[in-house]
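Spelled out, the chains give:
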Amino acid sequence: MSAVRELLARYLRQRRELGEDSLFLETLTRGEALALAAGRRGAAVPDAARAAAATPGTAPAPAAPASALERVRAGALACTRCRLHASRRTVVFGEGPASAEVVVVGEAPGAEEDRSGRPFVGPAGKLLDRLLASAGFPRERVYICNVLKCRPPGNRDPQPDEIASCAPFLEQQIELIAPRALLAVGAFAAQTLVGETHGITTLRGRVHRRGSIPVVVTYHPAYLLRSPERVRAAWQDFQLLRQVVDGEA
Ligand code: URA
């Protein structure tokens, strides 16, 4: 190892010992993006969290009535509107602060989410966490949910009638939280939030609107795990989300 790399490695170890497990980087190399996709520990995960917290002019949104959100959750837990209620183990309603600046919307729970009742906890969720952190959004500060609250058997695609049955829950979540921005991950979420039928490649890279709320669209992290060459583009989407939340895009 060269002297510079040795020094860098020591610096990173020291940061970790001091409780810093992420770094802010302004650029991400292909190697770093691949490491991110592979979920390697120590991969260069940019972290603008503290910078974001200190950004002037980003006053926290007024807290949504958490109890109202709890009432919507109770409705979802008891829901039998579509066939998915028969095969689900748990209803994965969503989690995060009711005052979150960002609501992340995925497609539907997978096997691990169905077991745990929490959204994005599997390998795709780990990558999502890292990409969020790279833009200064620690997972615990965003609200994460899905278009469908129940797992489609075998992770098949959501059916239009299932999306329609579940839509009121998502609409109420968005209305109550009133985030500064929505992040749609994957085609189903993007099409549901933006109301267009184009694929992700067409929809990403610009800011859409759902009513007055800006919507940023990105690849589904499960797709990124299969196509790591797209992680860099996804990282750019998360930076766009940062700019939107900061009022810069
Ligand atoms: N994929 C999703 O779209 N949502 C989850 O919660 C997990 C995997």
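What this report covers is the structure whose coordinates are included nearby.

Thresholds applied
Residues numbered from 1 in each chain as written. Predicted model: local features only at pLDDT ≥ 70, side-chain atom pairs only at ≥ 80, totals over all residues. Heavy atoms only, no water. 1 Å grid on protein atoms, 1.4 Å probe; cavity = no way out; pocket = protein on both sides within 12 Å on 5 of 7 lines; lining within 4 Å. Points joined across faces, edges and corners; volume = space filled by probe spheres on them. Helix = DSSP H or I, 4+ residues; strand = E, 2+ residues; numbered from the N terminus. Nonpolar A, V, L, I, M, F, W, Y, C, P; charged D, E, K, R; others polar. Buried < 20%, exposed > 50% of the residue type's maximum accessible area, 1.4 Å probe, protein only. Pairing = 2+ DSSP bridges. Core = buried A, V, L, I, M, F, W, Y, C linked by side-chain atoms within 4.5 Å. Contact = heavy atoms within 4.5 Å. Arc of directions from axis to C-beta.

**Thoughts on the layout of surface pockets**
Turning to step 1, where the next piece is worked out: Within this model, the second largest pocket holds a volume of roughly 560 Å³.
Turning to step 2, where the next piece is worked out: Taken together, 25 residues line the second largest pocket, and the ones lying closest to its centre are Glu 107, Ala 108, Ala 124, His 220 and Ala 222.
Turning to step 3, where the next piece is worked out: For the lining of the second largest pocket, the elements supplying multiple residues, two or more each, are helix 6 (111-116), helix 7 (123-134), helix 10 (200-203) and helix 11 (221-226).
Turning to step 4, where the next piece is worked out: By residue class, the composition of the lining of the second largest pocket is 12 nonpolar, 8 polar and 5 charged.

**Topic: the pairing of strand 2 (residues 143-146)**
Turning to step 1, where the next piece is worked out: Burial along strand 2 is two-sided: Tyr 143 and Cys 145 and Ile 144 and Asn 146, pointing in opposite directions, are all buried.
Turning to step 2, where the next piece is worked out: Pairing between strand 1 (residues 102-106) and strand 2: 4 bridges, direction parallel. Across the sheet, Gly 106 pairs through a bridge with Asn 146, a residue of strand 2.

**Some thoughts on the nonpolar core**
Turning to step 1, where the next piece is worked out: In terms of nonpolar packing, the biggest core is built from 60 residues, with Val 104 and Leu 132 touching the most fellow members.
Turning to step 2, where the next piece is worked out: Take this core: its biggest share by element is 9 residues, from helix 12 (residues 231-245).
Turning to step 3, where the next piece is worked out: Residues contacting Leu 132, with those up to four places away along its chain left out, are Val 104, Phe 137, Val 142, Ile 144, Leu 183 and Phe 238.

**Quick word on helix 9 (residues 187-194)**
Turning to step 1, where the next piece is worked out: Among all positions of helix 9, only Ala 189, Ala 190, Leu 193 and Val 194 are buried. The arc that holds every buried residue of helix 9, seen down its axis, measures 105°, which confines them to one face.
Turning to step 2, where the next piece is worked out: Where helix 9 is buried, its residues meet strand 1, helix 8 (160-177), strand 3 (181-185), helix 10, strand 4 (208-210) and strand 5 (213-218).
Turning to step 3, where the next piece is worked out: A positive backbone phi angle near 75° is found at Gly 195, which sits one or two residues after helix 9.

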